[in-house]
Structure formats: structure tokens, C-alpha cells
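Structural overview for review
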Amino acid sequence: MKDRMTFLGCANASGSHRVKLTLVGKSKKPRCSNNINKTALPVHYMHQESVWLNSSLFSEWFHDCFVPEVKKNLKKLKLKKAILLMDNSPALPDVETLKA
């Protein structure tokens, strides 16, 4: 069997705030989907046939997962800005695409 999955993790430099892990799997609705959305596996789940992270999945993660969690943390800490450092992978969208 060649089952694969991709994990996407994100944290601040000190490690005091971690965005919930994101799991990219092959199935649109995996067998364990009931557990993914509840407490057994606390991750954001996304699906893609190749299980690789591409620019559309990354954009979805950025807007649906990263931005809300970071805004909530910034508000709690009474801060105004955050910086996301990314590498130059071709799977990641350009900065203009991510601006809201």
C-alpha cells in the first residue's frame, strides 16, 4: 500500500501559539471523518487526489484556518500585525493572491 498524507503545521517563533495542524488526505470523506471533526483527531482536514499541497489548498488554508486563528491570538495579546514566512515552493501562491 502506498497511502500518503501531508501535514501542514504553523507556529510562532516562541511556540506559544500554534495553528491547528492541517491534514491533506486523498479521500473527500475518509472513514475516520467523524473522529477528525470531533476530539479524537483535532486537525483541519483537506483533500486532494495527489495528497500534495497546492496553491489552491494553501489559499484555502490561509483564509479559512490561518487568518482567523492568528487574528484571534493577536486580539488576545493586543497586537496588530503578524508575519507569515514561507519558502519559495511552486506549490505556494504568490503574495498578491493571499491578500484579502
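Preceding block: the structure.
All values derive from a computational prediction rather than experimental measurement. (Residues numbered from 1 in each chain as written. Predicted model: local features only at pLDDT ≥ 70, side-chain atom pairs only at ≥ 80, totals over all residues. Heavy atoms only, no water.)

This part covers the sheet that holds strand β1 (residues 6-11). Within a sheet, adjacent strands bond to each other through the backbone by hydrogen bonds, running parallel or antiparallel. Strands sit in the order β1-β2-β3 across an open sheet of 3 strands; the sheet is mixed. Single-partner strands in this sheet number two, and they are β1 and β3 (44-47). Adjacent strand axes in the sheet meet at a mean angle of 20 degrees, parallel and antiparallel pairs treated alike. Along the sheet face, helix α2 (residues 55-77) touches β1, β2 (18-25) and β3 and points at about 155 degrees away from the line of β2. (Pairing = 2+ DSSP bridges. Helix = DSSP H or I, 4+ residues; strand = E, 2+ residues; numbered from the N terminus. Axes fitted to C-alpha atoms, helices over the stretch in contact; angles between N-to-C directions. Contact = heavy atoms within 4.5 Å.)

Notably, Val51 is not glycine yet its phi reads approximately 60 degrees, a positive angle. If you trace the backbone, Val51 turns up in the loop between β3 and α2. Overall, Val51 belongs to the buried group, its relative accessible area being 3%. Of note in this structure, Lys78 is not a glycine but carries a positive phi near 60 degrees. (Buried < 20%, exposed > 50% of the residue type's maximum accessible area, 1.4 Å probe, protein only.)

Turning next to the nonpolar core. Ranked by size, the top nonpolar core spans 16 residues in total, and within it Val19, Leu53, Phe58, Trp61, Phe62 and Phe66 carry the most contacts. Counting only elements with at least two residues in this core, the list comes to β1, β2 and α2. Residue contributions to this core peak at 8 residues, all from α2. (Core = buried A, V, L, I, M, F, W, Y, C linked by side-chain atoms within 4.5 Å.)

Per the counting criterion, the structure on display carries 1 salt bridge. A salt bridge links Lys26 to Glu49, with the shortest nitrogen-to-oxygen separation between them at 3.8 Å. One end of the pair, Lys26, is in the loop between β2 and α1 (33-36); the other, Glu49, is in the loop between β3 and α2, and 23 residues separate them in sequence. Each member of the pair Lys26 and Glu49 is classed as exposed. (Salt bridge = Lys/Arg side-chain N within 4 Å of Asp/Glu carboxyl O.)

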